[in-house]
Amino acid sequence: MTPITTFYLSQFIGLKIYSPDNQVLGTINDILVRTEPALMDDPDRPRVVALKTGTSKKPVYISFEQCTITKKKGKPNAVCHKKKQVDSETVSDLLPLKQKILDKQIVDINGRKVVRVNDIRFALVEGGMFLVAVDVGAEGLLRRLGIVSSVKAIASVFRFPVPSKFIIWDEVDTLDAITMNIKLGKPFSKLQTMHPSDLADIFEELGRSSRTSIF
């Protein structure tokens, strides 16, 4: 069985990327994924393609193919063997997760409700790193604050569990696919599979702009 290592977006934001000789190549500001398979035999999961570094005025997109991610003391370590940049045309077809998904409203297709993305989960396997789920629980917020371990330790003393809830990517549809130009292939394709009465309940939770764009 292929070993699987899991990471979270919050663990990568602000993480330094090193060269093999331990020189800092940049700091990760965002992770970009391809939401549709590039090849016929590719896994049907969003694949990590680029790491965004640089500044807001001069962003630099480093190809993930040149990077090796390892886990040290529960945290990721990023080493890029070559600082190969992804061209602007390719970047325009990718989905930047921090910018477009983190803290945004999404529809939990299975739960038939609107939720907020607190963190994003990746699976690192031999074939690459893939987006597998979004974290919509309180644990995701605590992880981003860097206090999840401390809070869990205190909560366990009082036998008070810290809510943890993940939604696999297959059961997610974003509400901003049109208004924010999110690259998801067919916008709202998963919403179209829902019963009209379930859609009506979701519409009641949305603002006017979201209702209009989805309608």
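Residues numbered from 1 in each chain as written. Predicted model: local features only at pLDDT ≥ 70, side-chain atom pairs only at ≥ 80, totals over all residues. Heavy atoms only, no water.

Focus: the packing of aromatic side chains
Put simply, the rule is: Put simply, two rings from Phe, Tyr or Trp (the six-membered ring, in Trp's case) pair if the centres are within 6.5 Å, and we call them stacked under 30 degrees between planes, edge-to-face over 60, tilted for the rest. Secondary structure elements are defined from DSSP: runs of H or I of at least 4 residues count as helices, runs of E of at least 2 residues count as strands, and each element is numbered from the N terminus. Type-normalised accessible area, obtained with a 1.4 Å probe on protein chains alone, sets the label of each residue: buried when under 20%, exposed when over 50%, and partly exposed for intermediate values. A ring has a charge above it when a Lys NZ or an Arg CZ is no more than 6 Å from the ring centre and no more than 35 degrees off the ring normal.
Evaluated as defined, the whole model comprises 3 aromatic pairs. Between Phe12 and Phe122 the ring centres are 6.1 Å apart and the planes differ by 90°, which places this aromatic pair in the edge-to-face class. Of the two residues, Phe12 is situated in helix α1 (residues 9–12) and Phe122 in strand β12 (residues 119–125); the sequence distance between them amounts to 110 residues. An identical accessibility class is assigned to Phe12 and Phe122; each is buried. Site record: aromatic cluster; members linked through ring pairs are Phe7, Phe12 and Phe122. Note that Lys71 overlies the ring of Phe7, its terminal NZ or CZ placed 5.3 Å from the centroid.

Some details on the state of the cysteines
Inclusion rule: Put simply, a disulfide is two cysteine sulfurs that come within 2.5 Å.
All told, the structure shown has 1 disulfide when counted by the stated rule. The disulfide partner of Cys67 is Cys80, and the S-S distance across this bridge is 1.9 Å. Between Cys67 and Cys80, the disulfide has an S-S torsion of 65° and is therefore right-handed. Here the residue Cys67 occupies a position in strand β7 (residues 67–72), and Cys80 occupies one in strand β8 (residues 75–80), the gap between them amounting to 13 residues.

Concerning the environment of Gln99
Along the chain, Gln99 falls in helix α3 (residues 97–100). In this structure Gln99 comes out as partly exposed when scored by relative accessible area, which is 43%. Measuring from C-alpha to C-alpha, the distance between Gln99 and Asp30 comes to 7.4 Å, with 69 residues separating the pair along the chain.

Quick look at the packing of helix α4 (residues 138–145) against helix α5 (residues 148–157)
Here is the rule: Axes here mean lines fitted to C-alpha atoms, for a helix over just the part in contact, with angles spanning 0 to 180 degrees between N-to-C directions. Under this scheme an angle from 65 to 115 degrees is roughly perpendicular, one under 35 degrees roughly parallel, and one over 145 degrees roughly antiparallel; angles in between are oblique. Contacts were defined at the residue level, with two residues in contact if any of their heavy atoms lie within 4.5 Å. Each residue is assigned to one of three groups, with Ala, Val, Leu, Ile, Met, Phe, Trp, Tyr, Cys and Pro labelled nonpolar, Asp, Glu, Lys and Arg labelled charged, and all others, Gly among them, labelled polar.
Remark: α4 packs on α5, axes separated minimally by 7 Å, with the N-to-C direction vectors making an angle of 125°. As far as their axial angle goes, α5 and α4 are oblique. Between α4 and α5, the contacting residues are Glu139, Leu142 and Arg143 on the first element and Val148, Val151 and Lys152 on the second. Across the contact of α4 with α5, the residue classes tally to 3 nonpolar, no polar and 3 charged.

As for the sheet that holds β8
Paired through backbone hydrogen bonds, the strands of a sheet run either parallel or antiparallel to each other. Quick note on the threshold: Only strands joined by at least two bridges in the DSSP assignment are considered to pair.
Spatial ordering of the open sheet is given by β3-β2-β8-β7, a layout of 4 strands whose pairing is mixed. The outermost strands of the open sheet, each flanked by one partner alone, are β3 (24–27) and β7. The sheet shows a mean angle of 30° between the axes of neighbouring strands, taken without regard to direction. Inspection of the sheet shows strand β2 (residues 16–18) paired to β8 by 2 bridges, in the parallel sense. Among the inter-strand pairings, Tyr18 is bridged to a residue of β8, identified as Val79.

Note that every value here comes from positions in space, so none of it alone points to a role or purpose.
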